[in-house]
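# An overview of the molecular structure
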Amino acid sequence: MQNNITLDKLKKGEKATIHSFKSNELPAKFYELGFTPGAPIEIKHIAPLKGPMCINIIEQDSLIAIRRKEANLILISRI
Amino acid sequence: MKRKTIALLGNPNVGKTSLFNRLTKLNQKVGNYPGITVDKRIGTLKTNTTEYKIIDLPGTYTLFPSSLDEEVVFNILSNQTNEDFPDLTVVVTEPSSINRGIVIYQQVRELGLPAIFVVNMIDEVDQKGLHIDYPALENYLQTKVLKTNARSGEGIDQLIQNFNIELKPYFGAFDLPQKYQDALHDAKQVFPLATEYLTWQYLAQNSISNLSLEKRSALQRIRQSHQLDIQELQKDESISRHDKIAKNLASIILKKENKRLSITEKVDNLLIHPVLGYVIFFGLLFLIFQAIYSWAGPLMDGIDTLFVSLSDAIAATLPKGPLSSLLINGVIAGIGGIVIFLPQIVILFLFIAIMEETGYMSRVVFLMDRWLRPFGLNGKSVIPLMSGAACAIPAVMSARNIENPKERLLTILVTPFMTCSARLPIYIVIIGLVIPDETFLGFNLQGITLFGMYILGIVGALLSALILNKIIKSIRKSFLIFELPTYKVPDWKNVLNTVWEKSLGFLVGAGKIILAISIILWVLGNFGPNDRFSNPETYIAEANPEFSQEEIDNEVTAYKTEYSFLGYLGRGIEPAIKPLGYDWKIGIGLLASFAAREVFVGTMAVVYSLGEDIDIEDESQKQTLFGRMKSEINRNTGKPTYNFATGISLLLFYAFAMQCMATIGVVKRETGSWKWTLIQTGFMTGLAYLVALVAYQLLK
């Protein structure tokens, strides 16, 4: 169980659950779209050269894209 | 008859616009909210007893705003004196994201507003393998839950019947965290009349534009004394709501397996593939440009013919004189100059609307964000920039999709640098004059130069974005989060409605300004201050006693242009443009070009007394104009007017200068600000002057 990695470190196809957040900087929209503690996620696509990541919020069956800068603020545990 | 206001509220991509179109039967209008450019969509619906005003609020996930659109939602719903404050709010959701819809539903109810709940796209419940216990959902939400399919019209009548519903008082679902109770208590003193939840919202938002300064600073003092971080307040509410809803819905919505997402995933593996995704995107862009050029061409010719015959008809009916000249050369020429762009705009918006409706647009944003971010732009800037290569007018309008106001403004400011189709005729003339028709390493030099001009447009746009990015202050932190919706067959009604709305907006909005400036230019070009303008024949005959009557007649138009107000202006600005290598004749062309670039060629033809109707695609006519221009001697320098240095200087000037009043009009409309419009015009034209100056001085 690795608790201290951030979301941007994951590779395509990896699954994880969201653990907590590094800071309170994230806009409320992130939580509303499903990045909440305990939510299981899967990395579906990553744009080349450190481009945005496309993440599946598994419980909602939704695809959400975020930049790596913000992904770096989200702490996760790999499943 | 009773009048009631109904507001449609919901997340993006839930089919809210289709529902709005159904309810209002396209009986709607689009305006702007005061002071900002967020589209305000209002429609009417009449039943036997009541006339409903229906407002389609911008899509949002929460009442905490993160863009201008979302701010509008909060301002309307939190202020009972707002003219759009609803009597009933209709919260629209779709089957797979009901939980997110409930978040905003609860927020609205806790503000004290009555609301009903709509599950749209009801046909997807089975497709997505869901089972929903509606009575339990109604019980949980303490309201009526309705099922609709906006595309087929199913459930719409039932929804309308419920617009008169009387709801029981609502019991809030959100318990304010204990640690904020003291701060909330203080805030209640500032807002004795507001609901508890509204007070909490005030406390958890930074800048609420519809509160007085006094109240805002009172809130700020409370936040400081209790050491509150608004982000944390918002986060605590979101997570608390989310957890509670997830728990409560577990027994109401049962999930089996999702079939739609697996199809979407397969398509995405191709469309946002790290390599293939880009190949497909650029291929599609190429296709769009082909379509714009080849499909719009004949239509534009048709419009041109139409306006020419209209002019002819007026010329035949009205007696020759100022009135017919004003109508033909001012009004009709002005309107024609706008309408001619309509085919390009319609085709472009057709493609963009289809890309939006299918869900592909979000994928483009995903692919391009990385490449545009270093310039202070956003993935979504790619559409305006690419469209700008056809025409800046629809391109600037398509920047509306960008949520972050700073990124949107930047995109609007730099889009006119892209080489639009109106620059092409000028480039062809000038390149033909000053660049030798020779090959270099197997490539045609003129072709290379033209290609270089296109590259220059892109470089100009990106570098300007880089500079302006440093200057413009951002009111919001740049971040990017968006949903990639499942792929859908477009709702053609929505597509056509969007195209119609945007095209009409262009015609009316930009049209007014273009018409005004066309008339001003006509007045300046058709009146002169003295006898030289009113009696040109006498002066020409005096100066050139050897001229036959025919030669004199040929000179009249050019002479009148020279001594019109426009001609005096041309000579007036000569000192300013002399360092760029231009004479007063080019000056007139430049001034006239501020109406629209393509006017340059026609104006030059007038100035060199060849008659206005020169067709640059006709080889022999082109050679006549070329011959005349090549032999032209600049009376300041004694050298040919169109030498290599002047030519390059002119090319650069036209590449950068803001010389299109239609674009200026649209930018004003889209930014809602004269300040930014003037800064853009000044920045572009200033840059053009500087670059042209340096180029001429180095090359001469």
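Just so you know, these numbers come straight off a predicted model, no measurement behind them.

### Observations concerning the overall build of chain A
Helix and strand content of chain A: two helices and six strands. The linear arrangement of helices and strands in chain A, starting from the amino end, is β-β-α-β-β-β-α-β. The buried share of chain A, taken over its 79 residues, is 49%. Summarising the internal contacts of chain A: among those between residues at least 6 apart in sequence, 56% fall at separations of at least 24.

### Observations regarding the interface of chain B and chain A
The interface of chain B with chain A comprises 33 residues on the first partner and 29 residues on the second. Where the side of chain B that touches chain A is concerned, the elements lending two or more residues are α3 (98-110), α10 (230-249), α11 (260-271), α15 (360-372) and β12 (481-483) of chain B. Of the residues in the side of chain B that touches chain A, the class split is 14 nonpolar, ten polar and nine charged. With three bridges connecting them, strand β5 (residues 62-66) of chain A and β12(B) associate as antiparallel partners. Looking across to β12(B), one finds that A:Ile66 is bridged to B:Ile481.

### Notes on helix α20 (residues 445-471) of chain B
Its 27 residues give α20(B) an end-to-end C-alpha distance of 38 Å, which sits within 8% of 39 Å, the value for a rise of 1.5 Å per residue. Those residues of α20(B) that sit buried are B:Met453, B:Gly457, B:Gly460, B:Ala461, B:Ser464 and B:Ala465.

### Some words on the UniProt feature "binding site: Mg(2+)" (unreviewed entry) in chain B
Residue and element names in this part refer to chain B. Within this numbering scheme, the UniProt entry marks Asn21 and Thr24 as carrying the feature "binding site: Mg(2+)" (unreviewed entry). The class for Asn21 is buried, based on 21 C-beta atoms found within 10 Å. Beyond its immediate sequence surroundings of up to four residues, Asn21 is in contact with Leu26, Lys493, Asn494 and Asn497. In this fold, Thr24 is placed in helix α1 (residues 16-24). The exposure class of Thr24 is partly exposed, given the 19 C-beta atoms found within 10 Å. Not counting residues within four places of it along the chain, the set of residues in contact with Thr24 comprises Gly43, Thr44, Leu45 and Ile54.

### Structural notes on the UniProt feature "binding site: GTP 1" (unreviewed entry) in chain B
Residues and elements named next belong to chain B. The residues that UniProt annotates with the feature "binding site: GTP 1" (unreviewed entry) are Gly10, Asn11, Pro12, Asn13, Val14, Gly15, Lys16, Thr17, Asn120, Met121, Ile122 and Asp123. Within the secondary structure, Thr17 is located in helix α1. Since 22 C-beta atoms lie within 10 Å of it, Thr17 is described here as buried. Apart from residues lying up to four places away in sequence, Thr17 is in contact with Asp56 and Asn494. The topology assignment puts Asp123 in the loop between β6 (115-119) and α4 (124-127).

### Examining the nonpolar core
The tendency in soluble globular proteins is for nonpolar side chains to be buried as a group. Among the nonpolar cores identified, the biggest contains 181 residues, and B:Leu8, B:Leu9, B:Val91, B:Ile393, B:Leu652 and B:Phe656 are the most heavily contacted of them. Among residues more than four places away in sequence, those in contact with B:Leu9 are B:Leu57, B:Val73, B:Thr89, B:Val90, B:Val91, B:Val92, B:Ile104 and B:Val108.

Analysis parameters
Each chain carries its own residue numbering, running from 1 in the direction its sequence is written. Starting at A for chains and at 1 for ligands, labels are handed out in the order in which the entities are written. With pLDDT at 70 or above as the cut-off, local features in this predicted model cover only qualifying residues; side-chain atom pairs require 80 or more to be listed or tallied, and sums for whole chains, interfaces and linings still use all residues. Each helix is a run of DSSP H or I of at least 4 residues and each strand a run of E of at least 2, with the numbering of both proceeding from the N terminus. Here exposure depends only on C-beta density: within 10 Å of a residue's C-beta, 20 or more other C-beta atoms make it buried, 12 or fewer make it exposed, and intermediate numbers make it partly exposed, the C-beta atoms being placed from the backbone. Throughout, a residue-residue contact means that the two C-beta atoms, derived from backbone geometry, are no farther apart than 7 Å. As a working rule, the residues Ala, Val, Leu, Ile, Met, Phe, Trp, Tyr, Cys and Pro are called nonpolar, Asp, Glu, Lys and Arg charged, and the rest polar, with Gly in that last group. Paired strands are those between which DSSP finds at least two bridges. In this scheme, a helix's expected span is set at 1.5 Å multiplied by one less than its residue total. UniProt positions are given in the numbering used here, feature names are shortened, and annotations may be inferred rather than shown by experiment. Definition of nonpolar core: a set of buried Ala, Val, Leu, Ile, Met, Phe, Trp, Tyr and Cys residues joined via C-beta atoms within 7 Å.

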